[in-house]
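One letter stands for each residue in the lines below.
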Amino acid sequence: MSIANINAWNNATTQAQKLNNQIAKLEEQYAGNYSFTPFDRMMGSRQQFTDNLGASKGVLGM
């Protein structure tokens, strides 16, 4: 894998971590508010996103 590809992967992982942090803040903000549950329908996708982010960070040593 070229250095350019690794750098692009590193950048994408960094951006994904920022997005993950924003999602986590929203989850905390609306915890316990049962009239607002946008993440219920996306739990499978959310878990897959988190798993892939963790794997990516692990491979990259982040």
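Here, the structure is the one placed above.
Since the model is a prediction, treat every value here as computed from it, not as a measurement.

Here is what the cut-offs are and how they apply
The residue numbering used here restarts from 1 in each chain and proceeds along that chain's sequence as written. Note on the predicted model: pLDDT of at least 70 is required for a residue's local features to be given, and 80 or more for side-chain atom pairs to be given and counted; whole-chain, interface and lining totals, by contrast, use all residues. Computation of side-chain values: all heavy atoms of the structure, hydrogens and water removed. Per the convention used, a helix needs a DSSP run of H or I reaching at least four residues, while a strand needs a run of E reaching at least two, with both numbered from the N terminus. Residues count as neighbours in contact if any of their non-hydrogen atoms are within 4.5 Å of one another. Residues form patches when they are more than 30% accessible in relative terms and have no salt bridge. Like charges link within 9 Å. Nonpolar side chains (Val, Leu, Ile, Met, Phe, Trp, Tyr) link within 5 Å. Note on areas: these come from Shrake-Rupley sampling with a 1.4 Å probe, and a residue is covered only by the protein chains present in the view. Salt bridge criterion: a side-chain nitrogen from Lys or Arg within 4 Å of a carboxyl oxygen from Asp or Glu. When accessible area is computed with a 1.4 Å probe and restricted to protein chains, residues below 20% of their type maximum are described as buried, those above 50% as exposed, and intermediate ones as partly exposed. Helix span, expected: 1.5 Å multiplied by one less than the number of residues in the helix.

A.B. asks: Describe the side chain of Arg-46, naming the residues involved and giving the relevant values.
C.D. replies: Mapping Arg-46 onto the fold places it in helix 2 (residues 43-60). Every residue in contact with Arg-46, bar those within four places of it in the chain, is listed here: Asn-20, Ile-23, Ala-24 and Glu-27.

A.B. asks: Please set out a nonpolar patch on the surface residue by residue, giving values where relevant.
C.D. replies: A surface patch of nonpolar side chains, about 530 Å² in accessible area, is lined by Met-1, Ile-3, Ile-6, Trp-9 and Val-59. In terms of residues, the nonpolar patch owes the most to one element, helix 1 (residues 3-29), which gives three residues. Residue position: Ile-6 is located in helix 1.

A.B. asks: Lay out the pattern of salt bridges with the relevant residues and their values.
C.D. replies: If you walk through the whole model with that rule in mind, you get one salt bridge. The partner of Arg-46 in a salt bridge is Glu-27, and the shortest N-O contact between them spans 3.2 Å. Note that Arg-46 is positioned in helix 2 and Glu-27 in helix 1, a separation of 19 residues in sequence. Classification of Glu-27 by relative accessible area gives partly exposed; the value is 26%.

A.B. asks: Describe helix 1, naming the residues involved and giving the relevant values.
C.D. replies: End to end, helix 1 covers 39 Å across 27 residues, agreeing with the expected 39 Å (1.5 Å per residue, within 8%). For helix 1, the set of buried residues is Thr-13, Ala-16, Asn-20 and Ile-23. Buried positions along helix 1 lie against helix 2.

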